[in-house]
6 protein chains.
Amino acid sequence: MIFITRRERFNAAHRLFRPDYSDEKNLKVFGKCSNPNWHGHNYTLFVTIKGEVDTETGFLVNLKDLSDLINSMVIRKLDHCNINLEVDFMEGKLASTENIAIGIWKELAIPISNLGAQLHCIQVHETENNFAEYFG
Amino acid sequence: MIFITRRERFNAAHRLFRPDYSDEKNLKVFGKCSNPNWHGHNYTLFVTIKGEVDTETGFLVNLKDLSDLINSMVIRKLDHCNINLEVDFMEGKLASTENIAIGIWKELAIPISNLGAQLHCIQVHETENNFAEYFG
Amino acid sequence: MIFITRRERFNAAHRLFRPDYSDEKNLKVFGKCSNPNWHGHNYTLFVTIKGEVDTETGFLVNLKDLSDLINSMVIRKLDHCNINLEVDFMEGKLASTENIAIGIWKELAIPISNLGAQLHCIQVHETENNFAEYFG
Amino acid sequence: MIFITRRERFNAAHRLFRPDYSDEKNLKVFGKCSNPNWHGHNYTLFVTIKGEVDTETGFLVNLKDLSDLINSMVIRKLDHCNINLEVDFMEGKLASTENIAIGIWKELAIPISNLGAQLHCIQVHETENNFAEYFG
Amino acid sequence: MIFITRRERFNAAHRLFRPDYSDEKNLKVFGKCSNPNWHGHNYTLFVTIKGEVDTETGFLVNLKDLSDLINSMVIRKLDHCNINLEVDFMEGKLASTENIAIGIWKELAIPISNLGAQLHCIQVHETENNFAEYFG
Amino acid sequence: MIFITRRERFNAAHRLFRPDYSDEKNLKVFGKCSNPNWHGHNYTLFVTIKGEVDTETGFLVNLKDLSDLINSMVIRKLDHCNINLEVDFMEGKLASTENIAIGIWKELAIPISNLGAQLHCIQVHETENNFAEYFG
C-alpha cells in the first residue's frame, strides 16, 4: 500500500459565530474570529489517498486527475468565497477548521474511490500555526 | 548603516471593486477578487528599517520596541478585520496589495523615525506567489 | 474523531554530554553537540490532540486555550533558557530531541485531558533536517 | 517507542514513459512528464525510523550515523543523476514518486535495522504540491 | 513607485558542460553538474516589476496578466523541458543559474514594458541554498 | 552585473548583555536574551556576491568554492559554538544579529574579492521573524 498527498490552496473569508448567541457571547467564545465584518485566510489543503500502485503506470492514481477532482469538487466552491455564505457543504455548520476538514472529506471520499483509491486524510491549515486532520 | 527586518502577520477579509463600476465590470477588471461576499488572506508583512548600530546595545533598535510599534499602529487595525470596511488608513482606497503596502508605510514612517531609525521598505505578501514592496 | 495541531516555538541552549564520560568520550559519542560552552537551536514544537468536535462551538478545543496551556506549561520553561541547567522536567536527562519530546509529553498529557481532548503526538524539530515524534 | 525523521535532498533527472507505448500513448498517459529529453526535480526525502531511546545516549540512533547511511545507500546513487538510466534499484521500474519511495525503502530497511532501529516511513516530495509515503 | 513580485515555478533537466572540454575537464570544472545523463531541479522564478499604481484599479499591473505573460513567454518553454536541448533563448549558452536569469530577463523586458510597467529583477532559485539575481 | 546568493546555516548559543551593567539593567535592556545561562538559535546566513559572468563557465564564481570559503572562514567558527565565548571576530562585541552580520562581512569581504567577485550583502536570520542585512 502506498500513500500519495496532493496540496491545493484556497483563499476565503469566514466568521466563527452562532446566530443564537448574542454578539457579546460570540465575542467571548470565538474571540476576534467572530468579527461580524468577516476576516479571511490563505487555507492550505493536503489530500492524502492510499491504495496499490498500478504496475502499468507506476501511479496510485494520476496526480493530474486527483488535482482536477479536488479542484472541481471543493476548491472551486471555496476559493475567493465566503465559507459561511456561499459553500453548499458548509451550510448550517460553524466554519471552524475542524468542520471544514470534515466537510471536504464528505465531498471527496466517494469521488476518490471512483478514481480507484481510498481517501486517507484531509488536512486543512488555517495559519502557519494551526491545522486540523480528519481520517473519516 | 545596518538594515533590520521584522516579520508580522495579519489575517483579513477584503474585496477588490469600484462602487462606480457595475458588477459585470468589477468582475471583468478584478476577477474573482471582486466577490461581493468577500474573501480573505493570511497576509505577511515585512518591515525593514535602517540606521546606525547603537554601540551601547549592539542594536539598530530593540526589536521588541519595533514589533510593539508595528502591532499597535497597523496589525491591531488589520488583523481579523475587513480591510474595506474597518481600516481607517485604507478608507476610500482600493484594497490592493499595492495600496496596503503604501498605507502601512504612511502609518509607520514617522513613528519609526521616533524610535531612532528610518523606514526603508514595506513588503506585503498576499499569497505565496504575490507580494508588493514600497520604499516611500 | 478529529485531530488538531498547534505549532509553538522556543529558542534554547543545550549540550549533549554525560558527566560520567571524559571530554574525549563525549566528543566521540556526541560530536560537536558536546561543546562545553553550549550551542543552541530554534526549536519548533507541534502538539497534536484528538477527540470529538464540540457541536456547540465547532471546535475540538479552543486553540487559544491550547496555545495558552502549551505556553504556560512548557514554552515558558524552555524559551530563551538552557535546557540542561534550567528546565525542571529535563533534570537528570540527556537533552536530546528524543528526550525533549518525551519530557514535553509528560508535562502536557494530563492538562490536555483536562481541556477535554487527548494528547496524540509531540513533534519537536531541532533543525530543518531533524525531528522527533512521541505518541506516549 | 520514539520516532525520528531525517531530511535529505537529491536533484535528479527523470522521465515517465513505457518503452512498449508509442510516443503518443506515453504523452496521453504521462503528459509532459513523458518528455523524451527528460526533466528533473529537487526531490526531498524524509526517512522516519522508530525504536527505543538508548538510555546511555538519549538517542534512538545517532543522527549522524543515520544521515551517513542514507547518503551512502541512496543519495549517492540518486543525486545529480538520471533516475531512469543510472540508479540500480530503479532499473526496469517506472520512475514515479511512488516507485522511488518503494525503491528507497528496500535499500534502507535492512541497513537501518543494523543500526538498531526500525524503518517506519519513506516520504518523497517531488514538488511542493506532491509527495508519496511508503510504510513497507 | 511600487514594486510587485510574482513567483512562478518550472521543473527542468540540465547539464553544465562545454563541448570543447574533455569529460575529465568538464568534471573538474563543473563537478557532478556535468553528468552526461543530465540531472534536474525544481526552479523557482521571482519576477519583480516596478512602476506607478494605476489609481483606477489600485494595481501596478493586474497580476493575472503578469502571470499569463510569464507563463506564455518563459514557463511554457522551460517547464518539464531540457534547458540545454529545448529552450530557444538558452541555445549556445551554458545552462547556469546566472545565464538562465539573464535569458529570462531578455525574454520578459519588452513584453513587461508593453504591460505598462518596468522589469526590475529576475531571481532564479536552483535549490534552497542557491539563487541568482539579474537587474538588467 | 549578476548577483549570486548562497545560503548556509549555523546553530549557536549566545547572550545579549554588557558586563558593565547590573543583572537588573541587562534584563531591562535586553529582556530574556540576557539570560546568564545562555540560549541559542538556528541562524541562517545568506551571502550575496556580485560581478561579471565568466563566459568560459557561465558562473560568477563556482558556488562550491563560495560555499567552501564561507564554511572555512565563518561557519566553522560559529556552528555549534558559543558566539560570546568562542568566536574570534566577535570578541568584545555584543552578540546582536546586527553585529554578527557586520562581523561576518569583515571576515568575507577580502576572501571573496580573491575569488574574483565582490561581496554585496550579508543577511543573518536569527528567527523566522527577524533578520539583519549589512552592505558594507
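1. Quick notes on the overall build of chain A
Summing up its helical and strand segments, chain A has four helices and five strands in all. Taken over the C-alpha atoms alone, chain A extends approximately 60 × 25 × 20 Å along its principal axes. In chain A, once contacts between residues fewer than 6 apart in sequence are set aside, the share between residues at least 24 apart is 69%. With the model as given, the accessible surface of chain A reaches about 5400 Å², and the carbon-plus-sulfur share is 50%. Counting 14 positive and 18 negative side-chain charges, chain A places the centres of these two groups 5 Å from one another.

2. A few points about the packing of aromatic side chains
Following the criterion strictly, the structure yields 30 aromatic pairs over all chains and no others. Centre to centre, the rings of tryptophan 105 of chain A and tyrosine 134 of chain A are 5.5 Å apart; their planes meet at 85°, and the pair counts as edge-to-face. Placement of the pair is tryptophan 105 of chain A in helix α4 (residues 97-114) and tyrosine 134 of chain A in strand β5 (residues 130-134), with a sequence separation of 29 residues. Classification of tryptophan 105 of chain A as buried rests on a relative accessible area of 14%. Grouped by ring-pair contacts, the aromatic residues Tyr21 and Phe30 of chain A together with Phe59 of chain C constitute a single cluster. The aromatic ring of tyrosine 21 of chain D is capped on one face by arginine 18 of chain D, whose charged end is 5.5 Å from the ring centroid.

3. Points about the relation of the copies chain D and chain C
The two copies are related by a screw motion: chain D maps onto chain C through a turn of 120° and a shift of 0.0 Å along the axis, at an RMSD of 0.0 Å. Taken together, the rotation and translation describe the operation of a three-fold axis. Within chain D, glutamate 128 of chain D has its C-alpha nearest the rotation axis, a separation of 9.0 Å.

4. Structural notes on the relation of the copies chain A and chain B
Rotating chain A by 180° about the axis while translating it 0.0 Å along that axis superimposes it on chain B, leaving an RMSD of 0.0 Å. On this basis, the relationship between the two copies can be described by a two-fold rotation axis.

5. A closer look at the interface of chain D and chain C
On the side of chain C, 18 residues touch chain D, which itself brings 19 residues to the contact. Summed over the shared surface of chain D and chain C, the result is two salt bridges. Across the salt bridge formed by glutamate 56 of chain D and arginine 18 of chain C, the nearest N and O atoms sit 4.0 Å from each other. Scanning the region where chain D abuts chain C turns up 10 residue pairs in polar contact (both at pLDDT 80 or more). Elements represented by at least two residues in the side of chain D that touches chain C include exactly β1 (2-14) and β2 (39-51) of chain D. At six residues, β1 of chain D tops the list of elements feeding residues into the side of chain D that touches chain C.

6. A closer look at helix α4 (residues 97-114) of chain C
Residues and elements named next belong to chain C. The first and last C-alpha atoms of α4 sit 26 Å apart over 18 residues, in line with the 26 Å expected at 1.5 Å per residue. Largest kink in α4: about 35°, centred on leucine 108, with the proline proline 111 one to four residues after it. α4 sits mainly inside the fold: 13 of its 18 residues count as buried. Glycine 116 sits one or two positions beyond α4 and adopts a positive phi of about 100°.

7. Observations concerning the confidence of the model for chain A
Keep in mind that low pLDDT regions are not for reading the predicted coordinates in detail. In this model, chain A carries a mean pLDDT of 98, and residues with pLDDT of at least 70 account for 100%. The ipTM for the predicted assembly is 0.96, set against a pTM of 0.98.

8. A few points about the interface of chain A and chain B
On the chain B side, the residues contacting the 24 residues of chain A number 24 residues. A combined buried area of about 2000 Å² lies between chain A and chain B, and 42% of that area is made up of carbon and sulfur atoms. Of all residues in chain A, Asn37, Asn42 and His80 of chain A give up the largest surface area on contact with chain B, accounting jointly for 29% of the area buried on that side. Where chain A meets chain B, there are six salt bridges. The partner of aspartate 79 of chain B in a salt bridge is lysine 32 of chain A, with the nearest N and O atoms 2.8 Å apart. Seen at the junction of chain A and chain B, the total is 21 residue pairs in polar contact (both at pLDDT 80 or more). The set of elements that each furnish at least two residues to the side of chain A that touches chain B consists of β1 (2-14), β2 (39-51), β3 (81-82), α3 (83-86) and β4 (118-127) of chain A.

9. Some words on the environment of lysine 106 of chain D
Of note, lysine 106 of chain D is situated in helix α4 (residues 97-114). Linking lysine 106 of chain D and arginine 7 of chain D, residues 99 residues apart in sequence, is a C-alpha distance of 18 Å.

10. A short note on unusual backbone geometry
All names here are of chain C. Positive phi, normally seen in glycine, also occurs at tryptophan 38, with a value near 75°. Mapping tryptophan 38 onto the fold places it in the loop between α1 (23-30) and β2 (39-51). Given the relative accessible area of 13%, tryptophan 38 is considered buried. The backbone phi angle of histidine 80 is positive, close to 60°, even though this residue is not glycine. You can see histidine 80 is positioned in the loop between α2 (63-78) and β3 (81-82).

11. As for the pattern of salt bridges
Applying the stated criterion to the full structure yields 57 salt bridges over all chains. The shortest N-O distance in the salt bridge between arginine 18 of chain B and aspartate 20 of chain B comes to 2.9 Å. By relative accessible area, arginine 18 of chain B is classed as buried at 18%. Three or more residues joined by partner-sharing salt bridges are found here, namely Arg7 and Arg9 of chain A, Glu128 of chain B, Glu128 of chain D together with Arg7 and Arg9 of chain E.

12. Some thoughts on the environment of phenylalanine 3 of chain F
With respect to the helices and strands, the residue phenylalanine 3 of chain F is situated in strand β1 (residues 2-14). Look at phenylalanine 3 of chain F and you get buried, because its relative accessible area is 11%. Linking phenylalanine 3 of chain F and threonine 48 of chain F, residues 45 residues apart in sequence, is a C-alpha distance of 6.5 Å. Excluding residues that lie within four positions of it along the chain, phenylalanine 3 of chain F makes contacts with Phe131, Ala132, Glu133 and Phe135 of chain E together with Thr48, Ile49, Lys50 and His120 of chain F.

13. Remarks on the arrangement of the chains
A minimum C-alpha distance of 14 Å separates chain A and chain E, which share no contact. With no contact between them, chain D and chain F keep their nearest C-alpha atoms 14 Å apart.

Definitions and cut-offs
Residues numbered from 1 in each chain as written. Chains lettered and ligands numbered in written order. Predicted model: local features only at pLDDT ≥ 70, side-chain atom pairs only at ≥ 80, totals over all residues. Heavy atoms only, no water. Helix = DSSP H or I, 4+ residues; strand = E, 2+ residues; numbered from the N terminus. Contact = heavy atoms within 4.5 Å. Areas by Shrake-Rupley, 256 points an atom, 1.4 Å probe, with all protein chains shown as cover. Lys, Arg positive; Asp, Glu negative; His and termini not counted. Charge placed at Lys NZ, Arg CZ, Asp CG, Glu CD. Phe/Tyr/Trp six-rings, centres within 6.5 Å; stacked < 30°, edge-to-face > 60°. Buried < 20%, exposed > 50% of the residue type's maximum accessible area, 1.4 Å probe, protein only. Lys NZ or Arg CZ within 6 Å of the ring centre and 35° of its normal. Least-squares fit on C-alpha atoms with pLDDT ≥ 70 in both. Salt bridge = Lys/Arg side-chain N within 4 Å of Asp/Glu carboxyl O. Polar contact = N/O pair within 3.5 Å; in protein donor to acceptor, adjacent residues only side chain to side chain. Expected span 1.5 Å × (residues − 1). Bend = angle between axes of the 7 residues up to and from the residue. pLDDT = per-residue confidence, 0-100. Buried area = accessible area lost by both parts, 1.4 Å probe.

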